[in-house]
Amino acid sequence: MSKRTTLAEQPTQMYRPRRAYHPAPPPPDNYVPVAQRAAAPRRRWFWVSLLLLVALSFLGLAVVAGAGYLVYRSPKILPGVHTLGVDLGGYNEETAATMLNTNWQAHTVVLDGGDGARTTIPATTLGLILDAPATARRAHSHGRDLRALPEALQYRDSEHGFPPVWYFNPEVARTALENVAPQLAVQPVDAGIALENGHVVATPA
């Protein structure tokens, strides 16, 4: 016969009650994880900032283009344009032509006949005629006409500015020279000979 084990001799066993398993309900259709919810506002601000930057860039370009168009269509000569030492910037063509005419009338030419015979006459009297209206139109085109842009850049820093439009009238010059010829005439002197250091030399006429 087998030996029976008493209840007191049996080992004590602890039994814990099992927890009932309840599966989590599925997330709703509009459920967004916490990480994605935090990143969404940052992406939104990025696109808003980018669109704002693009809009401001287009606005700046529009302002610059509008200002350039107004300057291009303005009747005023652009700043820094000058010729014959006269600054024409900021003036219209009519005023610029008047200024150029006044300035040209003050230009003179010195004629030296030698032996102290010298006279000064206006440049216009010698047939040097300034075309002031054409020069003013040329000044207005500087910075506006692409064909004149290289010339405008070349003469911008020049002391006298871009070359004016002028022409020479030989008939006027001949008349002026004939009128001043008596003032510059030098009486002729015959050549001679002289004795210098025992040598005979010719003296100039």
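Residues numbered from 1 in each chain as written. Predicted model: local features only at pLDDT ≥ 70, side-chain atom pairs only at ≥ 80, totals over all residues. Heavy atoms only, no water.

## Some words on the overall build of the protein
Per the secondary structure count, the protein includes 5 helices and 8 strands. Counting over 205 residues, the protein shows a buried share of 20%. Taking as baseline every contact in the protein between residues at least 6 positions apart, the subset at least 24 positions apart corresponds to 54%. Taken as a whole, the protein presents about 16500 Å² of accessible surface, with 60% of it coming from carbon and sulfur. (Helix = DSSP H or I, 4+ residues; strand = E, 2+ residues; numbered from the N terminus. Buried < 20%, exposed > 50% of the residue type's maximum accessible area, 1.4 Å probe, protein only. Contact = heavy atoms within 4.5 Å. Areas by Shrake-Rupley, 256 points an atom, 1.4 Å probe, with all protein chains shown as cover.)

## Quick word on the pairing of strand β3 (residues 108-114)
Note that β3 and strand β4 (residues 117-122) share 6 bridges and pair antiparallel. Bridge pairing in β4 links Asp112 to Arg118. What sits between the antiparallel neighbours β3 and β4 is a turn of 2 residues, in which Asp115 has the positive phi angle 55°. (Pairing = 2+ DSSP bridges.)

## Here's the deal with the pattern of salt bridges
Taken as a whole and assessed by the stated rule, the structure comprises 2 salt bridges. For Arg118, the salt bridge is made with Asp112, and the minimal N-O distance between the two is 3.1 Å. Comparing Arg118 with Asp112 shows no difference in burial state: the two are exposed. (Salt bridge = Lys/Arg side-chain N within 4 Å of Asp/Glu carboxyl O.)

## Remarks on helix α3 (residues 132-141)
Most of α3 is tucked away: 7 of the 10 residues are buried. Turning to α3, its buried residues are Ala132, Ala134, Thr135, Ala136, Ala139, His140 and Ser141. Taken together, the buried residues of α3 touch β1 (82-83), α2 (93-105) and β5 (128-130). Note on α3: the residue one or two positions beyond its end, Gly143, has a positive phi of about 90°.

## Let's talk about the confidence of the model for the protein
Considering every residue of the protein, the mean pLDDT works out to 76; 64% of them sit at 70 or more. The least confident element of the protein is strand β8 (residues 199-203), whose mean pLDDT is 66; the most confident is α2, at 94. (pLDDT = per-residue confidence, 0-100.)

## Considering the side chain of Thr119
As for its placement among the helices and strands, Thr119 is situated in strand β4. Relative accessible area serves as the criterion here: at 12%, Thr119 is assigned to the buried category.

## What to know about a nonpolar patch on the surface
Together, Phe46, Trp47, Leu50, Val54, Phe58 and Leu61 make up an exposed nonpolar region whose accessible area comes to about 660 Å². If you trace the backbone, Val54 turns up in helix α1 (residues 34-73). (Patch = residues over 30% accessible without salt bridge, like charges linked within 9 Å, V, L, I, M, F, W, Y side chains within 5 Å.)

## Details of the nonpolar core
Grouped together as the largest cluster of nonpolar side chains are 16 residues, with contacts concentrated most on Ile77, Val81, Leu88, Leu100 and Ala139. Counting residues per element, the ones that place at least two in this core are α2 and α3. With 4 residues, the top contributor of residues to this core is α2. Ranked by size, the runner-up nonpolar core spans 7 residues in total, among them Leu111, Ala117, Ala176 and Val180. (Core = buried A, V, L, I, M, F, W, Y, C linked by side-chain atoms within 4.5 Å.)

## Some words on the packing of α2 against α3
Running from N to C, α2 and α3 cross one another at 125°; their axes reach a closest spacing of 8 Å. One way to sum up the angle between α2 and α3 is to call them oblique. Two packed elements cross with a definite hand, and for α2 against α3 that hand is right-handed. When α2 is examined against α3, the residues Glu93, Ala96, Ala97, Leu100 and Asn101 are found in contact with a partner set consisting of Ala132, Pro133, Thr135, Ala136, Arg137 and His140. The residue inventory of the contact of α2 with α3, partitioned by class, reads 6 nonpolar, 3 polar and 2 charged. (Axes fitted to C-alpha atoms, helices over the stretch in contact; angles between N-to-C directions. Parallel < 35°, antiparallel > 145°, perpendicular 65-115°, else oblique. Left-handed = near helix turned anticlockwise from the far one by under 90°. Nonpolar A, V, L, I, M, F, W, Y, C, P; charged D, E, K, R; others polar.)

## A closer look at unusual backbone geometry
Although it is not a glycine, Leu84 sits at a positive phi angle of roughly 55°. Mapped onto the fold, Leu84 is located in the loop between β1 and β2 (86-87).

## A closer look at helix α5 (residues 170-184)
For α5, spanning 15 residues, the distance from its first C-alpha to its last is 20 Å, which sits close to the expected 21 Å at 1.5 Å a residue. The largest bend along α5 measures about 30° and falls at Glu178, with the proline Pro182 one to four residues further on. Every buried residue of α5 is accounted for by Ala173, Ala176, Val180 and Leu184. Close packing links the buried residues of α5 with β3, β4 and β6 (166-168). One side-chain oxygen at the N-terminal end of α5 lies 3.2 Å from the backbone nitrogen of Glu171; it belongs to Asn169. (Expected span 1.5 Å × (residues − 1). Bend = angle between axes of the 7 residues up to and from the residue. Polar contact = N/O pair within 3.5 Å; in protein donor to acceptor, adjacent residues only side chain to side chain.)

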